[in-house]
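Architecture and fold: a report
Now for the letters of each chain:
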Amino acid sequence: AQSVTQLGSHVSVSEGALVLLRCNYSSSVPPYLFWYVQYPNQGLQLLLKYTSAATLVKGINGFEAEFKKSETSFHLTKPSAHMSDAAEYFCAVSKSNTGKLIFGQGTTLQVKP
Amino acid sequence: NAGVTQTPKFQVLKTGQSMTLQCAQDMNHNSMYWYRQDPGMGLRLIYYSASEGTTDKGEVPNGYNVSRLNKREFSLRLESAAPSQTSVYFCASSGGGTSGGAGETQYFGPGTRLLVL
């Protein structure tokens, strides 16, 4: 059965610092993996997704994530945090080759001036 | 395009009352989903509809029913609301084309905040 674990419910960085949000997954089949972002009082929007093409996936707003099968990880990074990046971030995996998603618990990113 | 729309935005119910949350999408998507979001638990799938005329249970279906009215609309009904159903509810849709929809981007509505007293 698929599952997703996000390490750290809250991450705080200074503006301009590296952002690293961790996600580990378990899947019995080659996974499809996603990162979504949720700004306050809004719905979720897709940042990026891995669908078995390139292992380094680039998304919107300067974010990228690397699929590492040996580590069962799909960590999200951004070289330089901006105040506007403050939001909640969710990692998700497609369940058993269906459209259904299993979400991690979410990580709230705080960006300090 | 409006994308995915949800009504109402906010609702307060008393225990035992019923209500229907409405969702519509204008992207001609086949698949639609209902999730609930609770603090520290991410989003959990309540029900989904792979295509018009079909619905199936997700992780947490108890206390809910759904109707896929047509290709555009997918409603969620609480027959007898309980305080445990206090949550934020999100509707989403995806193309639902090849491979059963695996790997497809889901597009989310703005959510409905429900408080059950």
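Please refer to the structure higher up on the page.
In this report, we go over the structure that sits alongside the text. Remember, predicted model here, so these are calculated numbers, not experimental data.

Scanning chain B for helices and strands turns up zero helices and eleven strands. Reading chain B from its N terminus to its C terminus gives the helix and strand order β-β-β-β-β-β-β-β-β-β-β. Compactness check: chain B gives a C-alpha radius of gyration of 13 Å against a globular reference of 13 Å for 117 residues, within 12% of the reference. Residue burial in chain B is summarised as follows: out of 117 residues, 49% are buried. Counting only contacts in chain B whose residues sit at least 6 apart along the sequence, the fraction spanning at least 24 positions is 56%. Carbon and sulfur atoms make up 49% of the accessible area of chain B, which amounts to about 5200 Å² in all. Across chain B, the 10 positively charged side chains and the 8 negatively charged ones have centroids separated by 8 Å.

Before going further, it helps to examine the nonpolar core. By size, the foremost hydrophobic cluster in this structure holds 28 residues, and its most contacted members are Trp35, Leu48, Phe74, Leu76 and Tyr89 of chain A. For leucine 48 of chain A, the residues in contact, after removing those within four places along its chain, are Leu33, Phe34, Trp35, Val57, Lys58, Gly59, Phe63, Glu64, Ala65, Phe74 and Leu76 of chain A. Core analysis: the second largest hydrophobic core is formed by 19 residues, Leu13, Trp34, Leu76 and Tyr89 of chain B among them.

Moving on, we come to the interface of chain B and chain A. If you look at the interface, chain B gives 22 residues, while chain A gives 22 residues. Summed over both partners, the interface of chain B with chain A buries about 1700 Å², with 54% contributed by carbon and sulfur atoms. Ranking the residues of chain B by area buried against chain A places Leu43, Gly103 and Phe108 of chain B at the top, with a combined share of 26%. Where chain B touches chain A, the interface holds zero salt bridges.

The rules we used
Residues numbered from 1 in each chain as written. Chains lettered and ligands numbered in written order. Predicted model: local features only at pLDDT ≥ 70, side-chain atom pairs only at ≥ 80, totals over all residues. Heavy atoms only, no water. Helix = DSSP H or I, 4+ residues; strand = E, 2+ residues; numbered from the N terminus. Rg over C-alpha atoms; globule rule 2.2 N^0.38 Å. Buried < 20%, exposed > 50% of the residue type's maximum accessible area, 1.4 Å probe, protein only. Contact = heavy atoms within 4.5 Å. Areas by Shrake-Rupley, 256 points an atom, 1.4 Å probe, with all protein chains shown as cover. Lys, Arg positive; Asp, Glu negative; His and termini not counted. Charge placed at Lys NZ, Arg CZ, Asp CG, Glu CD. Core = buried A, V, L, I, M, F, W, Y, C linked by side-chain atoms within 4.5 Å. Buried area = accessible area lost by both parts, 1.4 Å probe. Salt bridge = Lys/Arg side-chain N within 4 Å of Asp/Glu carboxyl O.

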